[in-house]
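Here is what each chain is made of, one letter per residue.
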Amino acid sequence: INADECISCGSCADACPVGAIKKDETGFASIDYSRCISCGKCTSACPFGAVHERSQIIDILKAMKQGKKVIAMIAPAIAGQFPGNIYQLKSAIKKTGFYDVYEVAQGADITAHNEAEEFVERMEKAKEVQTEWLDEWVNEGGYDAKEESQEEVNVQNFMTTSCCPAWVNLVNKHMPEMKPFVSDTPSPMVYTARSVKAAMPEAITVFVAPCVGKRSEVYRTPEVDYVVSFEEIGSWLMARNIDVMKCEAAEIDTTINSDGRRFAYSNGVTMSVKNYVENPEVIKDIVISGLDKAAIRTLKGYVKSCPGNFVEVMSCPGGCVNGCDVIANPRVATRQVDNFAKSMESGENK
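So, how was this worked out
Residues numbered from 1 in each chain as written. Predicted model: local features only at pLDDT ≥ 70, side-chain atom pairs only at ≥ 80, totals over all residues. Heavy atoms only, no water. Patch = residues over 30% accessible without salt bridge, like charges linked within 9 Å, V, L, I, M, F, W, Y side chains within 5 Å. Areas by Shrake-Rupley, 256 points an atom, 1.4 Å probe, with all protein chains shown as cover. Salt bridge = Lys/Arg side-chain N within 4 Å of Asp/Glu carboxyl O. Lys, Arg positive; Asp, Glu negative; His and termini not counted. Charge placed at Lys NZ, Arg CZ, Asp CG, Glu CD. Helix = DSSP H or I, 4+ residues; strand = E, 2+ residues; numbered from the N terminus. Core = buried A, V, L, I, M, F, W, Y, C linked by side-chain atoms within 4.5 Å. Buried < 20%, exposed > 50% of the residue type's maximum accessible area, 1.4 Å probe, protein only. Pairing = 2+ DSSP bridges. Contact = heavy atoms within 4.5 Å. Axes fitted to C-alpha atoms, helices over the stretch in contact; angles between N-to-C directions. Disulfide = S-S within 2.5 Å. pLDDT = per-residue confidence, 0-100.

A. How the structure looks around a positive patch on the surface. On the surface, K22, R35, K293, R297 and K300 cluster together into a patch of positive charge. Considering every element that reaches the positive patch, the biggest residue donor is helix α12 (residues 293–302), with 3 residues. Summarising the element assignment, R35 is placed in the loop between β2 (29–31) and α2 (41–45).

B. Structural view of the nonpolar core. Core analysis: the largest hydrophobic core is formed by 55 residues, its most contacted members being I78, I86, I93, F98, F207 and I233. Counting residues in each nonpolar core, the second largest holds 49 residues, with V18, V51, M159 and V273 among its members.

C. Spotlight on the sheet that holds strand β8 (residues 285–289). If you trace the 3 strands from one edge of the open sheet to the other, you get β5-β9-β8, paired in parallel fashion. Each having just a single partner strand, β5 (159–160) and β8 make up the two edges of the open sheet. Pairing of β8 with strand β9 (residues 310–314), which is carried by 5 bridges, proceeds in the parallel orientation. Bridging from a neighbouring strand, D285 pairs with F310 of β9. Of the strands in this sheet, β8 and β9 touch α12, which is tilted by about 150 degrees from β8.

D. Region of the structure containing the state of the cysteines. Applying the stated criterion to the full structure yields 0 disulfides. Free of any disulfide, C12 has its nearest cysteine sulfur in C6, 6.2 Å distant. Judged by relative accessible area, C12 falls into the buried class, the value being 9%. The thiol of C39 is unpaired, and the distance to the nearest cysteine sulfur, on C16, comes to 5.9 Å. Under the relative-accessibility criterion, C39 is labelled buried at 9%.

E. Broad picture of the sheet that holds strand β3 (residues 70–74). On the basis of which strands lie adjacent, the open sheet formed by 4 strands has the order β4-β3-β6-β7 and parallel pairing. Where the open sheet ends on each side, the last strands, each with one partner, are β4 (100–103) and β7 (226–229). For this sheet, the mean angle separating the axes of adjacent strands, direction not counted, is 30 degrees. Sheet contacts for helix α9 (residues 230–239): β6 (204–209) and β7; angle to β7, the most-contacted strand, approximately 75 degrees.

F. Spotlight on the confidence of the model for the chain. In the predicted model, the chain carries a mean pLDDT of 90, and 90% of its residues have values of at least 70. Contacts of residues 145–154 to residues separated by more than four positions or lying in other chains number 14 contacts, the stretch itself having pLDDT below 50.

Printed below as a string of structure tokens:
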């Protein structure tokens, strides 16, 4: 938080769902990174732009100047962010200096398939695994009500998604009791980066992200080297005088399942996973669209009593199309992403 731009209005602290922002003795706000989940809500809430992300553009430019193969991996939400279509946008991004552009939607297909398999397996084995963990947790005084016995604990068979890094950060820092219920399946970004590295081990991978949360995930993902935001890409295109609408259409991977592109908005992950489950009716889904204090209280309650068995959690209301680094109106972006996915289903873009 830039103290020169901060006016001590408290908007960032009010927006923080985990109490990670406090005013210091001078009256200015500061972030407690031991509590911060990188949800980016403070960035969106600040009316003066005093909350900044640490940019990696200089490092990326240096890699390009050194002649390295720098690969842009674009998140599915980008389809609704810029003028023109996704084909032109891929060409535009390559013009900024990237060697190639990969759609992270291809990784989303893998995430959906693997998460579906994990869900089925967990439903079969969850009782045994979770009972063992809860036994140890209760013995250590996990519940506030120490008098609760294990017999009073309602062991739940449910799984939450894992593709939102702010949600994963929340669990790791504030909700350890939820850890056994979070999917172990890596995010689409990870699978896409692995695909790039397998094809080009020497490549430099750059994830093009809609939110600050992905920066925190990149720091713990060895397959991804750097991250830039949608806003940074937009500024980059402007600086290079690249008009997306005037760019030629690039080829896209038509083998990507349209559901992988729907990861960009709320309920998209759930729809994708259902398509990979033999009997989708077994999924009793719950969608948490936006992490705030009320949603966090609800999620904590699921450990003892969950009304469903598959919980999709997105930190941003509406999903990645409403991340703190997006450019377009979330409603418009959602419609454009969905239209693009439908066009792929109909075959008109193949």
